[in-house]
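Structural features, examined
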Amino acid sequence: DGGITQSPKYLFRKEGQNVTLSCEQNLNHDAMYWYRQDPGQGLRLIYYSQIVNDFQKGDIAEGYSVSREKKESFPLTVTSAQKNPTAFYLCASNPGQGVGQPQHFGDGTRLSIL
Amino acid sequence: SQQGEEDPQALSIQEGENATMNCSYKTSINNLQWYRQNSGRGLVHLILIRSNEREKHSGRLRVTLDTSKKSSSLLITASRAADTASYFCATDAKGGGFKTIFGAGTRLFVKA
């Protein structure tokens, strides 16, 4: 079955530590996205990538970094510069051909501070 | 800033009743989508309605779009306990590139 796999499901970060969230898709989609979701709120875009080796900042990119070296992979690093990282992180993808295409989501990683 | 805002924030109904959720947005759009999220899971796409469409159906779902009022509604008919979830509208603003903007969602609870 095609889909998006996020790992780990739960992650704990210590002060001053960088952590990396994994996102892998086997849907052959060009576009991939990272969102942050806080309790009772909608999704806020962190970074997105329309094609391999290219990515753009979303609305809340500060304190985060990404890479897109392979079509199927779009890891997100939460750096120590992100002072309030506790949230639910969702990765998504779509074919990327044209605007407004439905996005397919992984089941998220919940990040907490130790 | 949020493009889509859902109303109500929370809704509790009995199984078998209809559930209606509303979404308002601020700028001209290419299309509007509705997603569902079960607790602790990712979002699942339900339905997409284009800016030149007024109504769309999918099973027990009915979506309407009024571009003059910049609003949309999602109707779930004959609700089931399994419909309990959060529902989000998402818009792709004209000129907004490939960014989709999600509202804060409506939490629906269907009592058996």
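Model, not experiment: these values are computed from the prediction.

Time to look at the overall build of chain B. Along the backbone of chain B there are zero helices and eleven strands. Relative to the 2.2 N^0.38 estimate, which gives 13 Å for 112 residues, the radius of gyration of chain B is 13 Å and therefore close to what a compact globule would have. The principal-axis extents of the C-alpha atoms in chain B amount to approximately 45 × 30 × 20 Å. The contacts of chain B with a sequence gap of at least 6 include a subset with a gap of at least 24, amounting to 56%. Of the roughly 5300 Å² of accessible surface on chain B, 46% is carried by carbon and sulfur atoms. Across chain B, the centroid of the 15 positively charged side chains sits 4 Å from that of the 10 negatively charged ones.

In this section: the side chain of Gln25 of chain A. All names here are of chain A. Mapped onto the elements of the fold, Gln25 is located in strand 3 (residues 19-25). With relative accessibility at 5%, the residue Gln25 sits in the buried group. Engagement of the side chain of Gln25 in a polar contact is seen with the backbone nitrogen of Asn28, the distance being 3.2 Å. A polar side-chain atom of Gln25 sits 3.2 Å from the main-chain carbonyl oxygen of Lys71. Among all residues touching Gln25, those that are not within four sequence positions of it are Gly3, Ile4, Met32, Arg68, Lys71, Glu72 and Ser93.

Another point: the pattern of salt bridges. A full pass over the atoms with the stated rule returns eight salt bridges over all chains. Arg44 of chain A is paired through a salt bridge with Asp38 of chain A; the nearest N and O atoms lie 2.8 Å apart. Classification of Asp38 of chain A by relative accessible area gives buried; the value is 11%. One salt bridge in this structure joins Glu53 of chain B and Lys56 of chain B, with 4.0 Å as the shortest N-O distance. Bridged by salt links that share partners, the residues Arg36, Asp38 and Arg44 of chain A form one connected network.

On to the sheet that holds strand 8 (residues 76-78) of chain A. Residues and elements named next belong to chain A. If you trace the four strands from one edge of the open sheet to the other, you get 1-3-8-7, paired in antiparallel fashion. Every interior strand has two partners, whereas the edge strands, strand 1 (4-7) and strand 7 (64-66), have only one. Each neighbouring strand pair of the sheet contributes to a mean axis angle of 20 degrees, computed without reference to strand direction.

Facing 25 residues of chain A, the contacting portion of chain B comprises 21 residues. Taking both partners together, chain A and chain B bury about 1800 Å²; carbon and sulfur atoms supply 54% of that area. For Asp107 of chain A, the salt bridge is made with Arg41 of chain B, and the minimal N-O distance between the two is 2.9 Å. At the junction of chain A with chain B, the criterion picks out five residue pairs in polar contact (both at pLDDT 80 or more). Those elements that provide at least two residues to the side of chain A that touches chain B are strand 4 (31-37), strand 5 (43-51) and strand 9 (87-94) of chain A. Residues belonging to the side of chain A that touches chain B are distributed by class as follows: ten nonpolar, eleven polar and four charged.

The final tally for this structure, using the stated rule, is nine aromatic pairs over all chains. Seen in terms of ring centroids, Phe105 of chain A and Phe102 of chain B are 6.1 Å apart; in terms of plane orientation they differ by 80 degrees. Their pairing is edge-to-face. On the criterion of chain membership, the pair formed by Phe105 of chain A in strand 10 (residues 104-105) and Phe102 of chain B in strand 10 (residues 101-102) is interchain, its members lying in two chains. Accessibility classification places Phe105 of chain A together with Phe102 of chain B in one group, the buried group. Look at Tyr35 of chain B and Phe102 of chain B: their rings are 5.4 Å apart centre to centre, the planes differ by 55 degrees, and that puts the pair in the tilted class. Of this pair, Tyr35 of chain B sits in strand 4 (residues 29-37) while Phe102 of chain B sits in strand 10, and the two are 67 residues apart along the sequence. Of the two residues, Tyr35 of chain B and Phe102 of chain B, both sit in the buried class. Members of the aromatic cluster, each reached through a chain of ring pairs, are Tyr33, Tyr35, Tyr48 and Phe105 of chain A together with Tyr35 and Phe102 of chain B.

Conventions used here
Residues numbered from 1 in each chain as written. Chains lettered and ligands numbered in written order. Predicted model: local features only at pLDDT ≥ 70, side-chain atom pairs only at ≥ 80, totals over all residues. Heavy atoms only, no water. Helix = DSSP H or I, 4+ residues; strand = E, 2+ residues; numbered from the N terminus. Rg over C-alpha atoms; globule rule 2.2 N^0.38 Å. Contact = heavy atoms within 4.5 Å. Areas by Shrake-Rupley, 256 points an atom, 1.4 Å probe, with all protein chains shown as cover. Lys, Arg positive; Asp, Glu negative; His and termini not counted. Charge placed at Lys NZ, Arg CZ, Asp CG, Glu CD. Buried < 20%, exposed > 50% of the residue type's maximum accessible area, 1.4 Å probe, protein only. Polar contact = N/O pair within 3.5 Å; in protein donor to acceptor, adjacent residues only side chain to side chain. Salt bridge = Lys/Arg side-chain N within 4 Å of Asp/Glu carboxyl O. Pairing = 2+ DSSP bridges. Axes fitted to C-alpha atoms, helices over the stretch in contact; angles between N-to-C directions. Buried area = accessible area lost by both parts, 1.4 Å probe. Nonpolar A, V, L, I, M, F, W, Y, C, P; charged D, E, K, R; others polar. Phe/Tyr/Trp six-rings, centres within 6.5 Å; stacked < 30°, edge-to-face > 60°.

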